Amino acid sequence: MFDSLSDKLQRVFKNLRGEGKLTAENMEAALKEIRVALLEADVHFKVVKAFMAAVREKAMGQEVLNSFTPAQQVTKIVKDELIAVLGTHPSRLRTASQPPTVIMIVGLQGSGKTTSTGKLAKHLAKNGHRPLVVSVDVYRPAARKQLSIVAGQVNVPAYEGTPDETKPLALAKSARRQAEISGRDLILVDTAGRLHIDDELMVELQELKEHLNPTEILFVADAMTGQDAVKSADEFHKRLGITGVVLTKMDGDARGGAALSIRHITGQPLKFVGTGEKLDAIEAFHPDRVASRILGMGDVMSFIEKMEQNIDQKKAEEMQRKLITDDFTLEDFRDQLKQLRKLGPLESLLGMMPQMGPMKQLKDVKVDEKELTRVVAIIDSMTPKERANHMLINGARRRRIAKGSGTTVTDVNNLLKQYGQARKMMKSMSGGLLGKKMGKFKLPFANPFQ
Ligand SMILES: Nc1nc2c(ncn2[C@@H]2O[C@H](COP(=O)(O)OP(=O)(O)OP(=O)(O)O)[C@@H](O)[C@H]2O)c(=O)[nH]1
Ligand SMILES: [Mg+2]
C-alpha cells in the first residue's frame, strides 16, 4: 500500500535532512520532487494541484523556527496536507434512528461488492450489530448463491428470497421485512454490477434508493484501476448520490492514486479499505494513520488494535516475561510464528510498523509464507531439549535437523541466526520507544525474517 509514494516522499525528506535552513532553493527543489512523487503515484492532477498550492503556501509562510529542521518542517506540512486530502476525520458508518438501517453496496462489475458485503457484515457483527445480507443481483445466476456462501463463512444470515421474487426491489423489501421479524438491526444490500455505467443499472439503483431509504450508499471501487475508480465513483455520485467509498484490493495497489484522489474529487469520504481476499481483510479508514504510514512513521494504533483482537493477552505477557529474563526458547519462537499467522496478511501487518529505530530493517522484508512454513518445520524437527536450549545444536545436530525437515544445513543455520536476532530485537523493542507507546500491551512475537 502506497509503497512507491512512501519511498519517494521519504527520499525528499532525507535530502532535506542535510540542509541547515529552509531556503527558497531547497524548498523549491523539495516541492518539485513532492509533485513528481504524487503524479507518479497516479494522484488526480486536480488533487496534486490543490495539494501543492496548500503545501507551498504553508511552507513559504513558515517562520523558520530554529528548533525544527527543514526536514521536520516539511514533513509536518506534508503530513497535515495528506490528512486533509484523505479526509481529516475518520468517517464512520451511520445508522438509522429507526432500525433496520439499510446499507446499499453499489459499484462496477468485479470491484469487490460481494466480498466487501461479507467483510462489512463480519466487521459490523463484531461491533455489536446484527446484520442481515441480501443480494439483489437477479441477472447473474450464481450471484445470490455466492453471497449466501460468503455470509455463511462469517456467520451472518442471508435472505435468499422465494422463487417468485425476481425483481431487485421485491427481494430487498422482503429482506427488510425479514430483518424486522428476526430482530436484525442492519441490512446490507449487495447489488448487481455492470461493466460500464449504464442507464438501466442507474434506474434500478435509483428505484432501490427511493424505496429503501438507505442510510448509506457505499460505492465499492477497485484501487488497482486507479483514476478509473475515481471517475466511476464521481459518476455514481452524480447520478445516485453515494455516501462513502470502500476501496478494495489495496493490497495489490502500490501507488495509492485512487485513495488519495477519491475524496477530493467526489466530496465523499473513504470509509473502508479492503486489503486482501480473506473476509477479515478490511480496515476502517483513518486518514491520520494512513498519512503516518505513507510518511514511514508507521501506524502503531492500527497495529495495536489488530493485536488486541487476535492475540491471547496472557500468552503475550508470558512471552514478554521470557524475553526479559532470557528464557525465550525456540519453542516460544515457533509459537509466536503461529500466532503471527493468525493476524492475517503479513505484508499489511509489517506495513503498519514505523520505519525507524529497530523497526527500520522491516521495511524491505519480503514476507514469504513458504519461508514461515519452512521455519516451523525446522523447529518441529528438533528435540524438545534442543528447542529449550539452542546452544546444544552443534554441527551433527544441524545436519540431522536439516534432513528431518527436508531443508539444508544453511537453512538451519539461518534460522538459528534469525532466532538470535529476533531475541535481540524484541529486547530492544520492549524497552524502547515502541514499548512505551504500547503501554501495557506487550508484543507477542519476534520478527523471524531478518
Ligand atoms: N486481493 C484482493 N482481492 C479482493 C478484494 N476484494 C475483493 N477481491 C477479489 O475480487 C474478486 C471480485 O470480487 P467480488 O466480491 O465477487 O466482486 P463483485 O463486485 O461482487 O462482482 P460482481 O458481483 O460480478 O459485480 C474476487 O476474486 C475477490 O476475491 C481485496 O480487498 N483484495
Ligand atoms: Mg457480486
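Counting restarts for each chain: residues are numbered from 1 in the order of the written sequence. To read the labels, note that chains go from A and ligands from 1, taken in the order they are written. Confidence filtering applies because this is a predicted model: local features only for residues at pLDDT of at least 70, side-chain atom pairs given and counted only at 80 or more, and all residues used for totals across whole chains, interfaces and linings.

1. Here's the deal with the overall build of the protein
Then step 1. When helices and strands are counted, the protein shows 20 helices and 8 strands.
Then step 2. The buried share among the 450 residues of the protein stands at 41%.
Then step 3. Residue pairs at least 24 apart in sequence account for 76% of intrachain contacts in the protein once pairs closer than 6 positions are excluded. The numbering of helices and of strands both runs from the N terminus, where a helix is a DSSP run of H or I of at least 4 residues and a strand a run of E of at least 2. Any residue whose C-beta has 12 or fewer other C-beta atoms within 10 Å is treated as exposed, any with 20 or more as buried, and any in between as partly exposed, C-beta atoms being built from the backbone. Note on contacts: residues are paired as contacts if their backbone-placed C-beta atoms lie within 7 Å.

2. Quick word on the site of ligand 1
Then step 1. Only the C-beta atom matters for nearness: placed from the backbone, it must lie within 6 Å of the molecule or strand for the residue to count as near. The environment of ligand 1 is made up of 20 residues, and the closest members are Gly112, Thr114, Thr115, Gly193 and Gly274.
Then step 2. Top element by residues in the shell around ligand 1 is helix 5 (residues 113-126). It accounts for 3 residues.

3. So, unusual backbone geometry
Then step 1. In the segment running from proline 99 into proline 100, the intervening peptide bond is cis, with an omega of 0°.
Then step 2. Here proline 100 is to be found in the loop between helix 4 (70-86) and strand 1 (101-106).
Then step 3. Non-glycine residue lysine 249 carries a positive phi angle of around 60°.
Then step 4. Take lysine 249: there are 22 C-beta atoms within 10 Å of it, and that puts it in the buried class.

4. Quick look at the pairing of strand 6 (residues 244-248)
Then step 1. Along strand 6, 5 of the 5 residues are buried, which leaves the element largely enclosed by surrounding structure.
Then step 2. Covered by surrounding structure in strand 6 are Gly244, Val246 and Thr248 together with Val245 and Leu247, the residues of both alternating faces.
Then step 3. Note that strand 5 (residues 216-222) and strand 6 share 5 bridges and pair parallel. Each residue of the ladder has a partner; that of alanine 221, found in strand 6, is leucine 247. Being paired, for any two strands, means DSSP has found at least two bridges between them.

5. Considerations on the sheet that holds strand 5
Then step 1. The mixed open sheet is built from 8 strands, whose spatial order is 3-2-4-1-5-6-7-8. Strands with a single pairing partner mark the edges of an open sheet, and in this sheet they are strand 3 (158-159) and strand 8 (282-284).
Then step 2. Note: strand 1 against strand 5, 4 bridges, orientation parallel. Pairing of isoleucine 105 across the sheet is with leucine 218, part of strand 5.
Then step 3. Working convention: axes come from line fits to C-alpha atoms, limited for helices to the stretch in contact. Angles between N-to-C directions cover 0 to 180 degrees. Lying on the sheet, helix 8 (residues 199-212) is in contact with strand 1, strand 4 (186-190) and strand 5; it crosses strand 1 at an angle near 170°.
Then step 4. Sitting on the sheet, helix 10 (residues 257-266) touches strand 5, strand 6 and strand 7 (270-274), and the angle it makes with strand 6 is about 170°.

6. Comments concerning the environment of alanine 84
Then step 1. Assignment of secondary structure puts alanine 84 in helix 4.
Then step 2. Between the C-alpha atoms of alanine 84 and histidine 264, which are 180 residues apart in sequence, the distance is 9.3 Å.

7. Describing helix 18 (residues 395-405)
Then step 1. Here helix 18 has its buried residues at Arg398, Ile401 and Ser405. The buried side chains of helix 18 occupy one side of the element, clustering within an arc of 65° when seen end-on. Of the residues in helix 18, the exposed ones pointing more than 90 degrees away from the buried face are Gly395 and Ala396.
Then step 2. Among the residues trailing helix 18, glycine 406 stands out with phi positive, at a value near 65°. By construction, the arc corresponds to the directions joining the helix axis to the C-beta atoms.

8. Quick look at the confidence of the model for the protein
Then step 1. The pLDDT value tells you how sure the predictor is about a given residue, anywhere from 0 up to 100. Taken residue by residue, the protein gives an average pLDDT of 83. The fraction at 70 or more is 81%.
Then step 2. Segment residues 432-450: pLDDT under 50, and 44 contacts once partners within four positions in sequence are set aside and those in other chains are kept.

9. Let's talk about the nonpolar core
Then step 1. A set of buried residues drawn from Ala, Val, Leu, Ile, Met, Phe, Trp, Tyr and Cys, joined through C-beta atoms within 7 Å, is what defines a nonpolar core. Judged by nonpolar contacts, the single largest core of 83 residues is most densely connected at Val134, Ile187, Val189 and Leu247.
Then step 2. Both domains that furnish three or more residues to this core are identified here as domain 1 (3-86) and domain 2 (101-294).
Then step 3. Once you skip the residues sitting within four places of it in the chain, valine 134 turns out to touch Ala158, Tyr159, Leu171, Ala172, Ala175, Ile187, Val189 and Asp190.
Then step 4. By size, the runner-up hydrophobic cluster in this structure holds 11 residues, among which are Val375, Ile379, Ile401 and Tyr419. All the domain ranges listed were derived from an automatic or database domain assignment.

10. Observations concerning the packing of helix 2 (residues 24-40) against helix 3 (residues 45-61)
Then step 1. Taken N-terminus to C-terminus, the directions of helix 2 and helix 3 make an angle of 160°; their axes are 10 Å apart at the nearest point. One finds that helix 2 runs roughly antiparallel with respect to helix 3. Handedness of the helix 2/helix 3 crossing: right-handed. Residues Met27, Leu31, Ile34, Arg35, Leu38 and Leu39 of helix 2 touch helix 3, and the partners they reach there are Val48, Phe51, Met52, Val55, Arg56 and Ala59. Angular relationships are summarised with four words: roughly parallel below 35 degrees, roughly antiparallel beyond 145, roughly perpendicular across 65 to 115, and oblique for the angles in between. In this scheme the handedness of a crossing depends on how the near helix is turned from the far one: anticlockwise by less than a right angle means left-handed, clockwise means right-handed.

11. Some words on the pairing of strand 7
Then step 1. Most of strand 7 is tucked away: 5 of the 5 residues are buried.
Then step 2. Across 3 bridges, the pairing between strand 6 and strand 7 is parallel. Across the sheet, the residue bridging to valine 245 is leucine 270, located in strand 7.
Then step 3. One crossover worth recording links strand 6 to the parallel strand 7 by way of helix 10, and it is right-handed. Note on handedness: a crossover is taken as right-handed if, strands pointing away from the viewer, the path from the first strand over the helix to the second is clockwise.

12. Some points on the environment of alanine 254
Then step 1. Relative to the elements of secondary structure, alanine 254 occurs in the loop between strand 6 and helix 10.
Then step 2. For alanine 254, a count of 15 C-beta atoms within 10 Å corresponds to the partly exposed category.
Then step 3. Alanine 254 sits 250 residues away from serine 4 along the chain, and the two C-alpha atoms are 6.2 Å apart.
Then step 4. Those residues in contact with alanine 254 that lie beyond four places of it in its chain are Asp3 and Ser4.

13. Overview of helix 2
Then step 1. For helix 2, spanning 17 residues, the distance from its first C-alpha to its last is 24 Å, which sits close to the expected 24 Å at 1.5 Å a residue.
Then step 2. Among the residues of helix 2, those classed as buried are Met27, Ala30, Ile34, Ala37 and Leu38. Looking straight down helix 2, one finds its buried side chains confined to an arc of 95°; they lie on one side. Set apart from the buried face of helix 2 by more than 90 degrees, the exposed residues are Ala24, Glu25, Glu28 and Lys32. Multiplying 1.5 Å by the residue count of a helix minus one yields the expected span of that helix.

14. What about the environment of aspartate 234?
Then step 1. Mapped onto the secondary structure, aspartate 234 falls in helix 9 (residues 227-240).
Then step 2. For the pair aspartate 234 and isoleucine 262, spaced 28 residues apart in sequence, the C-alpha separation works out to 8.0 Å.

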